[in-house]
Amino acid sequence: YKSITFIEQVKVERKLNPSDSSSEKRQDMLSDNSDTDTSGNATVQIGDYQFTEAGIVEMNKQQFNDIIQGIPEIQSILLRDMRRRGLTRKAVQKCRQRQNMRMNELDQRKKELQDKLRDSLRVQEQRTLEYERARLRYEHAQSMIVEHLRKHPGLPSQK
């Protein structure tokens, strides 16, 4: 078997003569041999070429339809199932990536909000301390005035 790239698959499709669509040629192209390659991807042999599940999934719909056109119904059903499962797997993987990205964004936002809360609490604590100091200064000044008035009760009033 030869493993071929997506571009080579397209070249194979272009070499197929649309006017020469005898079912015998199409049947010869897709054999019942399907294997698994070294990376664990399902593979299907079409003529001398071997298509991986990833290659079938990456094809556009028109290229895929061109490949399955004229092959036996059972084999086209199997290829459609392989493509559907692959597309579903790809969609699930993409969904998980988006979910992970969203979770990372939320974690980052959580850290930012926690930092902002910490800063706000620190500012609030500083303001509370400043308020307490000011209150103590006011009370001290008030007590000094009251004591001064007690010591000097007969001060003349200004008229």
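Residues numbered from 1 in each chain as written. Predicted model: local features only at pLDDT ≥ 70, side-chain atom pairs only at ≥ 80, totals over all residues. Heavy atoms only, no water.

### A closer look at helix H4 (residues 61-68)
Those residues of H4 lying buried are Gln-63, Phe-64, Ile-67 and Ile-68. Viewed end-on, H4 has its buried residues packed into an arc of 130 degrees, placing them on one side of the element. Residues of H4 that are exposed and point more than 90 degrees away from the buried face comprise Lys-61 and Gln-62. Its side-chain oxygen at 3.1 Å from the backbone nitrogen of Gln-62, Asn-60 defines the N-terminal cap of H4. Of the residues trailing H4, Gly-70 is marked for its positive phi of about 85 degrees. (Buried < 20%, exposed > 50% of the residue type's maximum accessible area, 1.4 Å probe, protein only. Helix = DSSP H or I, 4+ residues; strand = E, 2+ residues; numbered from the N terminus. Arc of directions from axis to C-beta. Polar contact = N/O pair within 3.5 Å; in protein donor to acceptor, adjacent residues only side chain to side chain.)

### What about the nonpolar core?
Counting 10 residues, the largest nonpolar core consists of Val-44, Phe-51, Ile-56, Met-59, Phe-64, Ile-67, Ile-68, Ile-71, Leu-79 and Met-82. Going through the elements one at a time, H4 and helix H5 (73-151) are the ones with two or more residues in this core. It is H4 that contributes the most residues to this core, three residues altogether. (Core = buried A, V, L, I, M, F, W, Y, C linked by side-chain atoms within 4.5 Å.)

### So, the packing of aromatic side chains
Two aromatic rings are characterised by how far apart their centres lie and by the angle between their planes. Counting across every chain of the model gives zero aromatic pairs. When the ring centre of Phe-64 is taken as origin, the NZ or CZ atom of Arg-83, which lies over that ring, is 4.9 Å away. (Phe/Tyr/Trp six-rings, centres within 6.5 Å; stacked < 30°, edge-to-face > 60°. Lys NZ or Arg CZ within 6 Å of the ring centre and 35° of its normal.)

### Observations concerning the pattern of salt bridges
Following the criterion strictly, the structure yields 10 salt bridges and no others. In this structure, Arg-109 and Glu-112 form a salt bridge, with 3.8 Å as the shortest nitrogen-oxygen distance. Here Arg-109 and its partner Glu-112 are both found in helix H5, three residues apart, which amounts to about one turn of the helix. One salt bridge connects Glu-132 with Arg-135, and the closest N-O pair in it is separated by 2.7 Å. Residue Glu-132 and its partner Arg-135 are both found in helix H5; the two are separated by three residues, about one turn of the helix. Salt bridges sharing common partners tie together Glu-132, Arg-135 and Glu-139. (Salt bridge = Lys/Arg side-chain N within 4 Å of Asp/Glu carboxyl O.)

### Observations concerning H5
A rise of 1.5 Å per residue sets the reference length of H5, with its 79 residues, at 117 Å; its end C-alpha atoms lie 115 Å apart and thus fit the reference within 8%. If you check which residues of H5 are buried, you get Gln-75, Ser-76, Leu-79, Met-82, Arg-83 and Gly-86. (Expected span 1.5 Å × (residues − 1).)

### Quick look at the side chain of Glu-53
Its place among the elements puts Glu-53 in helix H3 (residues 53-58). Within the structure, the side chain of Glu-53 is placed 2.7 Å from the side chain of Arg-89, a separation counted as a polar contact.

### Thoughts on the confidence of the model for the protein
Overall, the predicted model of the protein reaches an average pLDDT of 77, with 68% of residues at or above 70. Here residues 14-34 is a poorly scored stretch, pLDDT under 50, and it has 30 contacts once near neighbours within four places are set aside; other chains count. (pLDDT = per-residue confidence, 0-100. Contact = heavy atoms within 4.5 Å.)

### Side note on the packing of H4 against H5
As a packed pair, H4 and H5 sit with axes 10 Å apart at the nearest point and diverge in direction by 155 degrees. By the angle between their axes, H4 is roughly antiparallel relative to H5. In the crossing of H4 with H5, the sense of the turn from one axis to the other is right-handed. In this structure, H4 uses Lys-61, Phe-64 and Ile-68 to contact H5, whose residues at the interface are Ser-76, Leu-79, Arg-80 and Arg-83. Partitioned by chemical class, the residues of the contact of H4 with H5 number three nonpolar, one polar and three charged. (Axes fitted to C-alpha atoms, helices over the stretch in contact; angles between N-to-C directions. Parallel < 35°, antiparallel > 145°, perpendicular 65-115°, else oblique. Left-handed = near helix turned anticlockwise from the far one by under 90°. Nonpolar A, V, L, I, M, F, W, Y, C, P; charged D, E, K, R; others polar.)

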